[in-house]
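# Architecture and fold: a report
These are the residues of each chain, in order.
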Amino acid sequence: MSLEDPDGTQVARPSGGRATDARQRSRRGLVIAAVVLVLFGSSGSVWWIASQARTPEQRASDAAAPPPSRITGKVSDQQLVERMELTGKVETASRTTITGVQPQGTNRAVVTALPTAAGKSLKAGAVVAEVSGRPVLLLPGRFPAYRDLKAGDKGPDVQQLQRALQPLYGTAVNGTYGPATVEAVRKLYVAAGYEAPAGQGPSTTGGSGSAPGTARTGGAAAGGGAAPRGGAETDGGTGAAGTGGASAPPARGADTPPAAGPAKPGEVLPAAEVAYVGTLPATVVQVTAAVGDAADKPLLVLGSGGRQVRAVLSADQRSRLRDLPADAVIRFGTGPYEGREGTLGSLDSSADDKNGDQQGKNAGQDGAAAAGTAGAGTAGAGTAGAGNGSGSAGGRHEALFVPSGAEAAEGATQQIAVELRRSPKGSLTVPVSAVWTDLGGSSTVTVTEGGKERNIPVEVLFTHEGLSAVHALDGNLTAGRTVVLVRRGNPADSGSDSGSDEASGDGSGGASGGAGD
């Protein structure tokens, strides 16, 4: 390195001098840092020694018990309610699947018309489908048709037909397919816009009618020959497709053809042309076929019997609902039935088939006279529907709730609040930690007033969400009074006249009466 003199000449300067200055500054910095650390260390030591210094009085004060203290709460006369919150889906109470059948003398059954649509409401006499040009007429009934009916027939299926026709045409219910029934059937077809079957066709089953799911025989031509007909069969409300090959049940009553004479419309009612459902009106839940389709398969699903809400349960929830009091309040929350009350319809599970058994009994009432026959078995299937069938498999638990009021859309989500328990009028509610229970199982609450305490015996009714419903065994516990929840130490003046040491403790409340649950 060089410097330039005033006269312009350069004078060389040694570079080592600058490095020496830097080293000296570095040493001074290290010395200063060391001094600062020593000072801070000395100050910290002095502070620690000073903090550890205690006089005997200070040590005794630190070791003494804390002053007595307590946390209190209030007694309320508000009723304590325990509720179960559930979420369910709205559905029809009963479902029936209608399946087409193949007409005699044809290769297949064809859907020629579907005058219904999902959501449509159907009444008695409505046409739910048309198969190979023939109608499927809707009527109310407990069990599906199992034979073609003709003039002169008797039996429970004739009685069911007459009950269905009575509100429409005043048909007498006598169990015999006589002239009045013939006329009512004729009017039924005319009202639907179709020609009623007339006369007798040759029977292939010894006069007992054709089997469900097989070819159906309708009216006869003038020469007595059978005309091919279409139609459908129902599943009896089980929600499953038709069997298609079941044996025909033996017919009851007179199977003797009527006396020879002119064929009359309405003398025959093919089983394939009538669909029975448990309750009308019915709602079309789903249309599963289209015009032009082969009809020997499910055509549509009908829902009837009002609406219900199906909710899935845990095993514990099902157990609680099984023991539900008769006067329990069931209220619907968010959903189409919000603010309305309802009832518990039934409980379903894989371990409980009582509901399904009961439905079989109900469905078989019309067919009681046919017990022991295949026809009675068919009747036993009933139209109880998917909503009230026997328990489902796999340990699944469900509850069916019946709402009040207007119907709601199928599949809508509905919240349900079930009132499991409610404290009786006249009982009181206290925080759970206010209840002190001794080894003998006796429960008390400690009332404090004006610095004095009094233990009052109580009966714990039940506990829910941090509160206990109690019944005071004397008149000294009333709403608005202050009760001890937690306390530490022993008050100098407890003023208790019923054993305050029972309620004293180390800071925790007493057990809240397990018997109350």
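Residues numbered from 1 in each chain as written. Predicted model: local features only at pLDDT ≥ 70, side-chain atom pairs only at ≥ 80, totals over all residues. Heavy atoms only, no water.

### Digging into the overall build of the protein
Under the convention used in this document: By the criteria applied, helices consist of DSSP H or I runs no shorter than four residues and strands consist of E runs no shorter than two, each listed in order from the N terminus. Each residue is assigned to one of three classes by its accessible area relative to the maximum for its type, calculated with a 1.4 Å probe on protein chains only: buried under 20%, partly exposed between the two thresholds, exposed over 50%. Should any heavy atoms of two residues lie within 4.5 Å, those residues are considered in contact. The Shrake-Rupley method, run with a 1.4 Å probe, gives the accessible areas here. Residue values count only the displayed protein chains as cover.
Across its full length, the protein holds 7 helices and 26 strands. Put simply, the protein has 517 residues, and 40% of those count as buried. In the protein, the share of contacts with a sequence separation of at least 24, taken over all contacts with a separation of at least 6, comes to 74%. Accessible surface computed for the protein: about 25700 Å², of which carbon and sulfur atoms make up 53%.

### Things to note about the sheet that holds strand β14 (residues 274-277)
Selection criterion: DSSP calls a pair of strands paired once it identifies at least 2 bridges connecting them. Between N-to-C directions, angles span 0 to 180 degrees; the directions come from axes that are lines fitted to C-alpha atoms, helices contributing only their stretch in contact.
Taken in spatial order, the 4 strands line up as β5-β7-β8-β14 in an open sheet, and their pairing is mixed. Each edge of the sheet is formed by a strand with only one pairing partner; in this case those strands are β5 (111-113) and β14. When the angles between neighbouring strand axes are averaged without regard to direction, this sheet yields 35°. With 2 bridges joining them, β5 and strand β7 (residues 127-131) adopt antiparallel strand pairing.

### Some thoughts on the pairing of strand β4 (residues 81-101)
Across the 21 residues of β4, 16 count as buried, placing the element largely inside the fold. When β4 meets strand β20 (residues 413-422), the two strands line up antiparallel, connected through 9 bridges. Bridge pairing in β20 places Lys89 opposite Thr413. Where β4 and strand β16 (residues 298-313) come together, 11 bridges link them in antiparallel fashion.

### So, the pattern of salt bridges
Where we set the bar: The salt bridge criterion pairs a side-chain nitrogen of Lys or Arg with a carboxyl oxygen of Asp or Glu, the two atoms within 4 Å.
Applying the stated criterion to the full structure yields 15 salt bridges. Between Arg147 and Asp157 there is a salt bridge, with its nearest N and O atoms 2.6 Å apart. Taken together, the positions of Arg147 in the loop between β8 (134-140) and β9 (149-150) and Asp157 in helix α3 (residues 156-169) put the pair 10 residues apart, joining distant regions of the chain. The exposure class of Arg147 is buried, given its relative accessible area of 2%. Two residues, Glu398 and Arg310, come together in a salt bridge whose shortest N-O distance is 2.5 Å. In this pair, Glu398 is assigned in strand β19 (residues 397-403) and Arg310 in strand β16, connecting sequence segments 88 residues apart.

### Regarding α3
Note the threshold: Expected span of a helix, by definition, is 1.5 Å for each gap between consecutive residues, and there is one gap fewer than residues.
Helix length check: α3, at 14 residues, gives a terminal C-alpha distance of 19 Å against a target of 20 Å (1.5 Å per residue), a fit within 8%. Buried residues of α3: Pro156, Asp157, Val158, Gln160, Leu161, Gln162, Ala164 and Leu165, and no others. Among the residues trailing α3, Gly170 stands out with phi positive, at a value near 70°.

### Focus: the nonpolar core
Within soluble globular proteins, side chains that are nonpolar tend to cluster in buried spots. Heads up, the condition is: We call a set of buried Ala, Val, Leu, Ile, Met, Phe, Trp, Tyr and Cys residues a nonpolar core when their side-chain atoms join them within 4.5 Å.
The biggest cluster of nonpolar side chains holds 22 residues, and the ones touching the most others in it are Leu139, Leu161, Tyr177, Val185, Tyr189 and Leu269. Looking at this core, the elements with two or more residues in it are β8, α3, α4 (179-192) and β14. Top element by residues in this core is α4. It accounts for 5 residues.

### Description of the packing of aromatic side chains
What counts is decided by this rule: Each Phe, Tyr or Trp ring (for Trp, its six-membered ring) is paired with any other whose centre lies within 6.5 Å, and the angle between the two planes then decides the class: stacked below 30 degrees, edge-to-face above 60, tilted in between.
Within the structure shown, the criterion is met by 2 aromatic pairs. Pairing Phe143 with Tyr146 gives two aromatic rings, centres 6.3 Å apart and planes at 25°, and the pair type is stacked. Take Tyr146: its relative accessible area is 3%, and that puts it in the buried class. A centroid spacing of 6.0 Å and a plane angle of 50° characterise the contact between Phe332 and Tyr337, whose relative ring orientation is tilted. A relative accessible area of 2% places Phe332 in the buried class.

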